[in-house]
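What follows is the residue order along each chain.
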Amino acid sequence: MTDHTQPTAALPGGGAMPLLGFGTWQITGSACTDAVRAALEAGYRHLDTATMYRNEAEVGRALAESGVARDEVFLTTKLPPDRADAAQATLDASLAALGVEALDLWLVHWSTGGDDVAVWREFVAARDAGRTRDIGVSNFTLAMLDELAEATGVMPAVNQVRWAPSFFDADVLEGHRQRGVVLEGYSPFKSTDLADPVLTGIADAHGVSSAQVVLRWHLDHGVVVIPKSVTPARISANADVLGFALTDAERDAVDELSRG
């Protein structure tokens, strides 16, 4: 992975968000520390966690022990809506657990179902105080993004949503681009049939796996993707997607998988 330049998305706060990140959902304890350490060794420079994952301390420990400089790693965590009334204290706890002075990106994990604008104002305040370089949301619709921007004058920098070939929606992709919002996808494999002939055919043409094709498809659309694994070999394989690119026809064929 380190042999190829990592594609990034420019964020409003001046940061560069690597399109390929390492997800840590459902990875806890020493398994999380080991997986994050393996990811950093494989070349990942973008780590994604959340308060509700209960693994921020393990992510922070792996980062501290890795020998990789803090400013070389893009770090994201998320606020659960049930802590909306204690947003700053929750951010304090996240920073302490991660062992860092500031985040690269802080996300609202999902809508409160109530006053999202009030929570967003807390996020803007945290950004303005230098506690996070950029702020964003997760599992929000385009209309919900607009609501936040209209109320505060600040559009989320990133929206992290479930994304995979089966969920591809050109209108959603374009809607984020028009708003200057980086689209970030999670669970790239959960709803993907990696044995699909379209994917295996493209994989064979490039000498890679179907999983690597799915990850490359995200990158070629400019979509951030955060695969997770606890298996070192798979962590390395998922990182090894920078040495090839899909043709336009191949990318379009993967897009069409959303039509069933």
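Asks: Where do I start with the packing of aromatic side chains in this structure?
Replies: Any pair of aromatic rings gets described here by the distance separating the centres and the angle formed by the planes. All told, the structure shown has five aromatic pairs when counted by the stated rule. Judged by centre distance (6.0 Å) and plane angle (20 degrees), the rings of Trp 120 and Phe 123 are stacked. Residue Trp 120 and its partner Phe 123 are both found in helix 4 (residues 116-128); the two are separated by three residues, about one turn of the helix. Residue class for Trp 120 comes out buried when judged on its relative accessible area of 0%. Each ring, one from Trp 163 and one from Phe 168, has its centre 6.1 Å from the other, and the planes form 65 degrees; the classification is edge-to-face. Relative accessible area serves as the criterion here: at 3%, Trp 163 is assigned to the buried category. By relative accessible area, which is 15% here, Phe 168 ends up buried.

Asks: Is there a simple way to explain the pattern of salt bridges in this structure?
Replies: Pairs can form between side chains of opposite charge whenever their charged atoms are close. Under the defined criterion, the tally for this structure stands at nine salt bridges. For Lys 78, the salt bridge is made with Asp 48, and the minimal N-O distance between the two is 2.6 Å. Taken together, the positions of Lys 78 in strand 5 (residues 74-79) and Asp 48 in strand 4 (residues 46-48) put the pair 30 residues apart, joining distant regions of the chain. Like Lys 78, the residue Asp 48 is buried in the burial classification. Measuring nitrogen to oxygen at the nearest pair gives 2.9 Å for the salt bridge that ties Arg 216 to Asp 220. Note that Arg 216 and Asp 220 are positioned in helix 8 (residues 210-220) at a spacing of four residues, about one turn of the helix. On the basis of relative accessibility, which here comes to 11%, the residue Arg 216 falls in the buried class. Each of Asp 34, Arg 37 and Glu 65 takes part in one network of salt bridges that share partners.

Asks: Looking at this structure, I do not really get helix 6 (residues 170-179). What am I missing?
Replies: An α-helix turns once per 3.6 residues; consequently, residues spaced three or four apart project the same way. The set of residues buried in helix 6 consists of Leu 173, Gly 175 and His 176. Along the axis of helix 6, the buried residues cluster in a sector spanning 160 degrees; they form a single face. With respect to the buried face of helix 6, the exposed residues turned more than 90 degrees away are Asp 171 and Gln 178. Looking at the buried residues of helix 6, the elements they touch are helix 5 (142-152), strand 8 (158-162) and strand 9 (182-186). Its side-chain oxygen at 2.9 Å from the backbone nitrogen of Asp 171, Asp 169 defines the N-terminal cap of helix 6. Two residues or fewer past helix 6, Gly 180 is found with a positive phi of approximately 70 degrees.

Asks: I would appreciate a short explanation of the pairing of strand 9 in the present structure.
Replies: In the case of a regular strand, side chains alternate between the two sheet surfaces. Counting buried residues along strand 9, four of its five residues qualify, which places the element largely inside the surrounding structure. Of the strand pairs in this sheet, strand 8 and strand 9 are connected by five bridges, and their pairing is parallel. Bridge pairing links Arg 162 to Tyr 186 in strand 9. The β-α-β motif built from strand 8, the intervening helix 6 and the parallel element strand 9 has right-handed crossover chirality. Examined bridge by bridge, strand 9 and strand 10 (residues 224-225) share two bridges and lie parallel to one another. In the sheet register, Gly 185 faces strand 10, and the bridge partner there is Val 225.

The rules behind each value
Residues numbered from 1 in each chain as written. Predicted model: local features only at pLDDT ≥ 70, side-chain atom pairs only at ≥ 80, totals over all residues. Heavy atoms only, no water. Phe/Tyr/Trp six-rings, centres within 6.5 Å; stacked < 30°, edge-to-face > 60°. Helix = DSSP H or I, 4+ residues; strand = E, 2+ residues; numbered from the N terminus. Buried < 20%, exposed > 50% of the residue type's maximum accessible area, 1.4 Å probe, protein only. Salt bridge = Lys/Arg side-chain N within 4 Å of Asp/Glu carboxyl O. Arc of directions from axis to C-beta. Contact = heavy atoms within 4.5 Å. Polar contact = N/O pair within 3.5 Å; in protein donor to acceptor, adjacent residues only side chain to side chain. Pairing = 2+ DSSP bridges. Right-handed = clockwise from strand over helix to strand, strands pointing away.

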